[in-house]
Amino acid sequence: MLIAEINPIKEKLNTLPNVSSKIGVAEDQGMQQLLSEIQLLRAEVNDLKERNLDLVKSCQTVKTSESNTDRCKDSNHIPTYANKVSSQPSKVIIRPKKPDQSLSQTKSDVVKNVNLVDENIIINTVKPVSSGGILVECSNQSCGDKLKQLASASLSNTYEVKLVRTFRPSVRIVGMSKDVTKESLPNYLLKQNPGIFSSSSWCRVLRYWSTFKDKSVFQADIEIDTCVYEKLIESGHVIVGVSGCKIFDMVSVPRCYKCNGFFHNAKQCKGVISCPLCAGAHPVNKCSIKEDETIERRCNNCLSLKNSLESISDFRNVDINHAAWEYAKCESYKLAVAKFKSSYFKSSKN
Ligand SMILES: [Zn+2]
Ligand SMILES: [Zn+2]
Ligand SMILES: [Zn+2]
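Residues numbered from 1 in each chain as written. Chains lettered and ligands numbered in written order. Predicted model: local features only at pLDDT ≥ 70, side-chain atom pairs only at ≥ 80, totals over all residues.

**Overview of the overall build of the protein chain**
For the protein chain, the helix and strand inventory stands at 9 helices and 9 strands. Counting only residues that meet the buried cut, the protein chain has 20% of its 350 residues in that class. Once local pairs closer than 6 in sequence are excluded, the contacts in the protein chain between residues at least 24 apart make up 56%. (Helix = DSSP H or I, 4+ residues; strand = E, 2+ residues; numbered from the N terminus. Buried ≥ 20, exposed ≤ 12 C-beta atoms within 10 Å, placed from the backbone. Contact = placed C-beta atoms within 7 Å.)

This is the structure:
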């Protein structure tokens, strides 16, 4: 629009010398009038040019802020941990309450009752699970939440709908100085330990507090990706600020307080009662070891392990003289953790 205004004025200016030459013979007064007109037109052109420049500048500012807004909308461009979490896949299990229902019936019910297309629920994979159910992996957390919400609303009478909590291994980092905070720790880890963390690594600080021995030394429990976890355990330490910090494995398996078996709790227990101190058939508060310290401790889990190894002629030396909670000595516990890790790592690679 401005160029459209400038051009006619330019044309007018170009014609002016001719006009003036024609009137060159005319009276001085007429000449003066024309010259002042030229001056005015030139000033107008300059004014327009300046206004045009200002507009071009402000257009550029608008463009830049627009592209910034676009970047804000696209969560992948902001490297915050909150965004990384929300862009992780999310899994939902939809399982019929009626026994013996077919998988195809489940799928058809989901498609009929949840408008996946209009609701923009993006699905990565669908896998069959037991009892005619399906495990749906959605592309991100909001898709998973939406699927869970919509499927629950329309199918909860006949289906069990639940979100699957993704297991993430954790480690404890010990040895930070007091200047490092819960909020700044992920940044230190990421930037100072490039061999372990990459820019796409996921890390969440669960807890940050000072050590019991020395209040000026801090420790943190963090949740990380499987590949970062493996590198951390292998390395055994990280750099945070100017401190070399030790890494401790925090992956654990639950132990039942009733039978001392692993991977379940007392509420779910179908086993028989077993004392964690002596492996006898009584609760720990009735244990005679407490009065008679000459009685040796006995781990029921390691006793079973020893028996099972002997039955296959594997006479490995399994220590049984410890309480079921003394994990540092307990071979059974170490095996349970190893089993848990291998099952998790296998499934996470699928
Ligand atoms: Zn149990
Ligand atoms: Zn006992
Ligand atoms: Zn044991």
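**Details of helix H6 (residues 185-192)**
Buried within H6 we find Leu185, Pro186, Tyr188 and Leu189. Buried residues of H6, seen end-on, are gathered within an arc of 165° and therefore sit on one face of the element. (Arc of directions from axis to C-beta.)

**Let's talk about the confidence of the model for the protein chain**
For the protein chain, the mean per-residue pLDDT works out to 81, and 75% of the residues sit at or above 70. At the low end of the mean pLDDT range in the protein chain sits helix H3 (residues 81-86), at 51; at the high end sits strand E8 (residues 237-240), at 97. With pLDDT under 50 throughout, residues 19-25 is counted as low confidence; its partners more than four residues away or in other chains account for 6 contacts. (pLDDT = per-residue confidence, 0-100.)

**A closer look at the sheet that holds strand E1 (residues 90-96)**
Reading across from one edge, E2-E3-E1-E4 is the order of the 4 strands in this open sheet, with antiparallel pairing throughout. Taken across any chain shown, the strands that pair with only one partner, and hence form the sheet edges, are strand E2 (123-129) and strand E4 (159-164). The sheet shows a mean angle of 20° between the axes of neighbouring strands, direction not considered. Where E1 meets E4, 6 bridges bridge the pair, whose relative direction is antiparallel. Paired with Val92 across the two strands is Leu163, which belongs to E4. Contacting E1, E2 and strand E3 (133-138), helix H4 (residues 103-113) runs over the sheet at an angle of about 45° to E3. Against the sheet, helix H5 (residues 141-155) makes contact with E1, E3 and E4, and its axis sits at roughly 20° relative to E1, the strand it touches most. (Pairing = 2+ DSSP bridges. Axes fitted to C-alpha atoms, helices over the stretch in contact; angles between N-to-C directions.)

**Comments concerning unusual backbone geometry**
A positive phi angle is found at Asn120, which is not glycine, with a value near 55°. When you line up the elements, Asn120 lands in the loop between H4 and E2. One non-glycine residue with positive phi stands out, namely Phe263, at about 70°. Summarising the element assignment, Phe263 is placed in the loop between strand E9 (243-249) and helix H8 (300-311). Residue classification places Phe263 among the exposed positions, given that 12 C-beta atoms sit within 10 Å.

**Observations concerning the sheet that holds E9**
Pairing is antiparallel across the open sheet formed by 5 strands, whose spatial order is E6-E7-E5-E9-E8. At either end of the open sheet lies a strand with only one pairing partner, and these are strand E6 (203-210) and E8. In this sheet, neighbouring strand axes are inclined to one another by 30° on average, regardless of whether the strands run parallel or antiparallel. The strands touched by helix H7 (residues 226-235) are strand E5 (170-176), strand E7 (218-224), E8 and E9; relative to E9, the strand with the most contacts, the crossing angle is about 115°.

**A few points about the nonpolar core**
Counting residues in hydrophobic clusters, the biggest one holds 20 residues, and the most contacted among them are Val171, Ile173, Met176, Leu232, Val238 and Val240. Breaking this core down by element, the ones donating at least two residues are E5, H6, E7, H7, E8 and E9. Beyond its immediate sequence surroundings of up to four residues, Met176 is in contact with Phe218, Ala220, Val240, Ser243 and Cys245. (Core = buried A, V, L, I, M, F, W, Y, C linked by C-beta atoms within 7 Å.)

**Re H7**
Helical geometry note: an α-helix holds 3.6 residues per turn, so side chains three or four residues apart project in the same direction. For H7, the full list of buried residues reads Val228, Tyr229 and Leu232. Here the buried residues of H7 occupy an arc of 100° about the axis, which is enough to place them on one side. Here the buried face of H7 lies against E5, E7, E8 and E9. Immediately downstream of H7, the backbone of Gly236 shows phi near 80°, a positive value.

**With respect to the environment of Ser288**
In this fold, Ser288 is placed in the loop between E9 and H8. Taking the C-alpha atoms as reference points, Ser288 and Leu277, separated by 11 residues in sequence, lie 9.4 Å from one another.

**Details of the environment of Ala220**
Mapped onto the elements of the fold, Ala220 is located in strand E7. Sequence-wise, Ala220 and Arg172 are 48 residues apart; in three dimensions their C-alpha atoms are separated by 5.6 Å. Discounting residues that sit within four places of it in the chain, Ala220 has contacts with Ile173, Met176, Leu185, Val205, Arg207 and Tyr208.

**Looking at the environment of Arg297**
Mapped onto the fold, Arg297 is located in the loop between E9 and H8. Spatially, the C-alpha atoms of Arg297 and Cys278 are 5.1 Å apart, while their sequence positions differ by 19 residues. In this structure, Arg297 is in contact with Leu277, Cys278, Ile289, Asn321, His322 and Ala323, ignoring residues within four places of it in sequence.

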